[in-house]
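# Summary of the model geometry
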Amino acid sequence: MSVRSRKTLLTAVALTAGLSLAAVAPALAGAGAHRTARAGAVSTVQGDPRDVTRHVADFYAAYIDSVRAADDPSAAAGAKALRGFYLSAAARAKVSAYQKRQHADGVLFARGVPIKWKVARTGSGAGHATSRVTLTWGHGPHARVTGVDVLSDLKTLEITDLETVR
């Protein structure tokens, strides 16, 4: 190996070692500002399979993911399977009728896919709970927000009705 090749190799090794040390130094230093900032950015989600509001949120999360993956051939089958699992027969029939009549999604009450969603429980009575699903369409000051009221059976957690908020 020539002297020039050895110098190039040694320079590359030294540079790699220096960059590696720079990358791990904050972790070795203990609780620093960088470490705290990253810890604050961690996102966690938890759930309870008995929670009716969480059940609605799980449905909308999975459903939106499935509808959003329009280029995946299994996405349409996934959305249909989700409706079959989470929605009662009456709710599925209502969704299907809406889709045929409006040529739009009967769960989202729109064409397209929202970029954000949230679910809040708004009431309960007579063995049912009502949740409000808020859907955000687009970014910035021109983002549009729509709502869907979802009625669920408290015993089975099955979604029994969906209605757009007017």
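Read on for an overview of the structure. (Residues numbered from 1 in each chain as written. Predicted model: local features only at pLDDT ≥ 70, side-chain atom pairs only at ≥ 80, totals over all residues. Heavy atoms only, no water.)

### As for helix α3 (residues 52–68)
Over its 17 residues, α3 extends 24 Å from the first C-alpha to the last, a length consistent with the 24 Å expected when each residue adds 1.5 Å. Residues of α3 that are buried in the fold lie against α4 (75–86), α5 (89–102), β1 (116–125), β2 (128–137), β3 (144–153) and β4 (159–164). Between the side-chain oxygen at the start of α3 and the backbone nitrogen of T53 there is a gap of 2.8 Å, and the oxygen is on D51. (Helix = DSSP H or I, 4+ residues; strand = E, 2+ residues; numbered from the N terminus. Expected span 1.5 Å × (residues − 1). Contact = heavy atoms within 4.5 Å. Polar contact = N/O pair within 3.5 Å; in protein donor to acceptor, adjacent residues only side chain to side chain.)

### Observations regarding the pattern of salt bridges
Throughout the structure, instances matching the rule amount to four salt bridges. The salt bridge partner of R50 is D48, with a shortest N-O separation of 2.9 Å. By relative accessible area, R50 is classed as exposed at 66%. For D48, a relative accessible area of 29% translates into the label partly exposed. Here D149 makes a salt bridge to R132, at a shortest N to O gap of 2.5 Å. Pair noted here: D149 is in strand β3 and R132 is in strand β2, with a separation of 17 residues, a long-range link. Of the residues examined, D149 reaches a relative accessible area of 22% and is grouped as partly exposed. Under the relative-accessibility criterion, R132 is labelled partly exposed at 31%. (Salt bridge = Lys/Arg side-chain N within 4 Å of Asp/Glu carboxyl O. Buried < 20%, exposed > 50% of the residue type's maximum accessible area, 1.4 Å probe, protein only.)

### Observations regarding the packing of aromatic side chains
A complete count under the given rule lists five aromatic pairs for this structure. Centroid distance F85 to Y86: 5.0 Å. Interplanar angle 85°. Geometry classified as edge-to-face. Using a relative accessible area of 61% as the deciding quantity, one classes F85 as exposed. Y86 sits in the buried class, given a relative accessible area of 11%. Arranged with centres 4.9 Å apart and planes meeting at 75°, the rings of Y98 and F109 form a pair that is edge-to-face. In this pair, Y98 sits in helix α5 while F109 sits in the loop between α5 and β1, placing the two residues 11 residues apart along the sequence. Judged by relative accessible area, which is 17%, F109 ranks as buried. A network of ring pairs unites the aromatic residues F59, Y60, Y63, F85 and Y86 as a single cluster. (Phe/Tyr/Trp six-rings, centres within 6.5 Å; stacked < 30°, edge-to-face > 60°.)

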